[in-house]
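So you can see what is in the structure, the chains are spelled out below.
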Amino acid sequence: MLRLAALLSLAAMQADAAVVHFCWQGENGYTMTGRMEFPDPLLNESLITEAEVTAFHITGYRDGVALGSWDMADRTETTTWYLRYMPRIMEFPVGGLVPGPFDQGWNADGNVMDCGNPGFGFNAGNYAQDFCVNGTWVEESGMPPPTPFYAMTNPPPTPDCSGPMMLSKGLRNF
């Protein structure tokens with residue numbers, strides 16, 4: 001009976017999670033796919049941070065070949081982990097859209113060299129949006145800071161981000 005109650009409780013918690021996917025396109029064939037979960041009631045908030053995220057996973061690619069991945073479950077005391085997300089419009093703010101010195105740091109700080117070896121990380125700050133692979137900044141992956149970075153409701157169809165973005169629940173007008 002206790003096992004059944006625990007399973008029902010777990011199912012209820014999972015049902016209350018908002019799930020978003022994203023696909024980032026960098027330069028020179030670099031892309032990243034990801035998945036994030038947070039409590040469903042936060043869908044109407046203007047901004048959430050890493051403190052509200054309950055699950056997060058990213059995988060980086062070059063020309064469709066996986067370079068590495070990172071999951072927030074693997075973070076340690078020294079892992080760079082800061083995230084800003086605007087659920088109402090399904091967008092990760094970049095290029096200084098939110099106050100503070102950083103926009104995104106997903107296992108990669110502002111120098112984009114602290115992702116571990118082996119390791120993978122992503123950073124979006126005031127210089128660029130770019131990758132860290134095996135402890136090394138991959139400058140050629142970089143995009144200009146203000147390049148929009150949107151989330152979607154469905155997983156990307158391919159690692160190269162070439163499929164249509166399926167935005168819903170958002171208020172974005174194109």
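In case you missed it, the structure is sitting above this.
Described in the following lines is the structure provided in the data block. (Residues numbered from 1 in each chain as written. Predicted model: local features only at pLDDT ≥ 70, side-chain atom pairs only at ≥ 80, totals over all residues. Heavy atoms only, no water.)

Considerations on the side chain of Gln129
Here's step 1: With respect to the helices and strands, the residue Gln129 is situated in strand β10 (residues 129–133).
Here's step 2: Residue classification places Gln129 among the buried residues on the basis of a relative accessible area of 0%.
Here's step 3: Engagement of the side chain of Gln129 in a polar contact is seen with the backbone oxygen of Pro144, the distance being 3.5 Å.
Here's step 4: There is a polar contact of 3.1 Å between the side chain of Gln129 and the backbone oxygen of Pro145. (Helix = DSSP H or I, 4+ residues; strand = E, 2+ residues; numbered from the N terminus. Buried < 20%, exposed > 50% of the residue type's maximum accessible area, 1.4 Å probe, protein only. Polar contact = N/O pair within 3.5 Å; in protein donor to acceptor, adjacent residues only side chain to side chain.)

What to know about the sheet that holds strand β8 (residues 104–106)
Here's step 1: Pairing in this open sheet of 5 strands is antiparallel, and the strands run β6-β8-β9-β10-β11 from one edge to the other. The open sheet has two free edges, formed respectively by β6 (81–82) and β11 (136–143), since each of these has just one partner strand.
Here's step 2: By the bridge criterion, 2 bridges tie β6 to β8 in an arrangement that is antiparallel. Bridging from a neighbouring strand, Tyr82 pairs with Gly105 of β8. (Pairing = 2+ DSSP bridges.)

Let's talk about the sheet that holds strand β12 (residues 151–152)
Here's step 1: The strand order across the open sheet formed by 5 strands is β5-β4-β2-β1-β12, and the pairing between neighbours is antiparallel. Because the sheet does not close on itself, it has two edges, and the strands there are β5 (65–71) and β12.
Here's step 2: Looking at chain direction, strand β1 (residues 17–25) and strand β2 (residues 30–39) are connected through 9 bridges and run antiparallel. Paired with Trp24 across the bridge in β2 is Met32.

Details of the packing of aromatic side chains
Here's step 1: For the structure on display, the rule yields 21 aromatic pairs.
Here's step 2: Ring geometry for Phe22 and Phe92: centres 5.0 Å apart, planes at 75°, overall edge-to-face. Linking Phe22 in strand β1 with Phe92 in the loop between β7 (84–85) and β8, this pair joins segments that are 70 residues apart in sequence.
Here's step 3: Residue classification places Phe22 among the buried residues on the basis of a relative accessible area of 0%. (Phe/Tyr/Trp six-rings, centres within 6.5 Å; stacked < 30°, edge-to-face > 60°.)

As for unusual backbone geometry
Here's step 1: Here the bond from Asn117 into Pro118 is cis, since omega is 5°, no more than 30 degrees from zero.
Here's step 2: Structurally, Pro118 is set in the loop between β8 and β9 (120–124).
Here's step 3: With a phi close to 60°, Asn28 is a non-glycine residue in the positive phi region.
Here's step 4: Among the structural elements, Asn28 can be located in the loop between β1 and β2.
Here's step 5: Unlike most non-glycine residues, Asn134 shows phi in positive territory, near 50°.
Here's step 6: Among the structural elements, Asn134 can be located in the loop between β10 and β11.

A word on the pairing of β11
Here's step 1: Where β10 lies against β11, 4 bridges are found, and the strand directions are antiparallel. When the bridges of β11 are listed, Cys132 appears paired with Trp137.
Here's step 2: Here β10 folds back onto β11 in antiparallel fashion, the turn holding 2 residues, of which Asn134 has a positive phi close to 50°.

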